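Descriptive structure summary
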Amino acid sequence: MNVHSADALTAEDAIAAQEALGPINSEMATKVALQNTLLTPRFYTTDFDEMDSIDVTPVRAEWDKLINQMKSDPNRGHFKKNADWDKVDWEGMEPKLRAEFIDFLISSCTAEFSGCVLYKEMKRRGKNEDITTLFQLMARDEARHAGFINDALREAGIAVNLGFLTQAKKYTYFRPKFIYYATYLSEKIGYARYITIFRHLEAHPEQRFHPIFKWFREWCNDEFSHGEAFALLMRTDPKLTSGVNKLWIKFFLTAVYSTMSVRDHQRPEFHKALGVDPVWYGYEVFKKTSEISKQVFPLTLDIDSPRWQPNLDRMEAANHQIAEGRKQGGVGGWIKRQLGSAKAAVAFVSLLTIRSIPNEAPVNCRLEPAY
Ligand SMILES: [Fe+2]
Ligand SMILES: [Fe+2]
């Protein structure tokens, strides 16, 4: 059976295809993927019975259309190397860039696989056909994405051991409504990130230092559909986007945006090689994500507030201090870390207190990718 993860019709087959490629020196990659910090991708578990009880009747017409589109599987076979895959000079790559890029690939692979594991589990546990169908389709896509990143990593002599990760990584419990907010946002921000890089490199092909970026357009369309599905799920229950839940939405928006900003600043060489200024990139991604999220969220963050960027900068400086403290070790390092954490917390609370912009979500929420 010589199926590639890109052609697999289920997440299980895609993972098996990756595993069949055999062991490779993956200890380092798997160790990085196993990390659980505020800045690394996590694995989630939830109340699957509650999620299984969702009734999609209120959004039936839009739902069926989306599911049929996903079933038609326009990206089947896309996520594998072909003639467009230029030879990568891993040996000749500047060591700092190489390290940051590998870190980016491992963290992206973990994030993709985190979605896969959650969606696959929902499909396995559920009895509601609407829900299990959706989650099996999304798990399929994420397994292909993770498999493709692993293909790229393999060329550098490393790979994330996906099967091992499923067993060994710690799972964080989120109640279903938090899964909706967090996953909806991570799918939409994923779309915005991939398309922003893709468009930038379309205009500046000389800065495309690795072929994987050529695959980003179709890639982001998958993420866009996944986000659409969560938008519809949230639309089945108006309570999810009103009352006290508005505060939760604001919290998740702030947490997701600020984490992304801090994480991106950890990879200066990577962004330099792409010719992308992380502050510009962050703003572009937040702008697109905010615009899209108006389809379902009752508010957007005021990223043009004079307090927005300075507090992101403060968080980044605090994070730098925490990293230095960790490196330093001992009592001095511990104090540095505590001070850094306190500064990060103050900056985060300050971001949270910026007044948000109210939004009236439209009656029909479905969108098509437009960037
Ligand atoms: Fe994905
Ligand atoms: Fe996705």
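Residues numbered from 1 in each chain as written. Chains lettered and ligands numbered in written order. Predicted model: local features only at pLDDT ≥ 70, side-chain atom pairs only at ≥ 80, totals over all residues.

**What to know about the confidence of the model for the protein**
- The predicted model of the protein has a mean per-residue pLDDT of 93, with 98% of residues at 70 or higher.
- Mean pLDDT values over the elements of the protein span from 75, in helix α2 (residues 27-34), up to 98, in strand β3 (residues 299-300). (pLDDT = per-residue confidence, 0-100. Helix = DSSP H or I, 4+ residues; strand = E, 2+ residues; numbered from the N terminus.)

**What about helix α10 (residues 245-265)?**
- The end-to-end C-alpha distance of α10, which contains 21 residues, comes to 30 Å, matching closely the 30 Å that a straight helix rising 1.5 Å per residue would cover.
- If you follow the buried residues of α10, they end up packed against α8 (176-203), α11 (268-274), α12 (278-293), β3, α13 (308-328) and α14 (330-352). (Expected span 1.5 Å × (residues − 1). Contact = placed C-beta atoms within 7 Å.)

**A word on the packing of helix α5 (residues 95-125) against helix α6 (residues 129-154)**
- The interhelical angle for the contact between α5 and α6, taken along N-to-C directions, is 155°, at an axis separation of 7 Å. The pairing of α5 with α6 is recorded here as roughly antiparallel in orientation. Both α5 and α6 take part in a crossing whose hand is left-handed.
- When the residues that make up the contact of α5 with α6 are grouped by side-chain class, the tally is 16 nonpolar, six polar and four charged. (Axes fitted to C-alpha atoms, helices over the stretch in contact; angles between N-to-C directions. Parallel < 35°, antiparallel > 145°, perpendicular 65-115°, else oblique. Left-handed = near helix turned anticlockwise from the far one by under 90°. Nonpolar A, V, L, I, M, F, W, Y, C, P; charged D, E, K, R; others polar.)

**Remarks on the packing of α8 against α12**
- It is the contact of α8 with α12, at a shortest axis distance of 9 Å, that shows an interaxial angle of 135°. Classified by the angle between their axes, α8 and α12 sit oblique to one another. As for how α8 packs across α12, the hand of that crossing is right-handed. Together, Lys188, Ile189, Ala192, Arg193 and Thr196 of α8 and Tyr281, Glu284, Val285, Lys288, Thr289, Ile292 and Ser293 of α12 make up the contact between the two elements.
- For the contact of α8 with α12, the class distribution of residues is five nonpolar, three polar and four charged.

**Some words on the nonpolar core**
- Counting residues in each nonpolar core, the largest one holds 73 residues, and the members touching the most others are Leu105, Ile106, Cys109, Cys116, Ala143, Leu153 and Val160.
- In terms of residues, this core owes the most to one element, α6, which gives 12 residues.
- Beyond its immediate chain neighbours, meaning those up to four positions away, cysteine 109 contacts Ala146, Ile149, Asn150, Leu153 and Val160.
- By size, the runner-up hydrophobic cluster in this structure holds nine residues, among which are Val262, Met315, Ile322 and Ala347. (Core = buried A, V, L, I, M, F, W, Y, C linked by C-beta atoms within 7 Å. Buried ≥ 20, exposed ≤ 12 C-beta atoms within 10 Å, placed from the backbone.)

**Notes on unusual backbone geometry**
- Unusually for a residue other than glycine, aspartate 73 sits at a positive phi of about 55°.
- For aspartate 73, the position within the fold is in the loop between α4 (60-71) and α5.
- On the basis of neighbour counts, which here come to 13 C-beta atoms within 10 Å, the residue aspartate 73 falls in the partly exposed class.

**A closer look at the environment of phenylalanine 252**
- Mapped onto the elements, phenylalanine 252 comes out in helix α10.
- Along the backbone, phenylalanine 252 and methionine 70 are 182 residues apart, and their C-alpha atoms lie at a distance of 27 Å.

**A look at the environment of glutamate 121**
- Tracing the backbone through its elements, the reader meets glutamate 121 in helix α5.
- For glutamate 121 and glutamine 207, which are 86 residues apart along the polypeptide, the C-alpha to C-alpha distance reads 39 Å.

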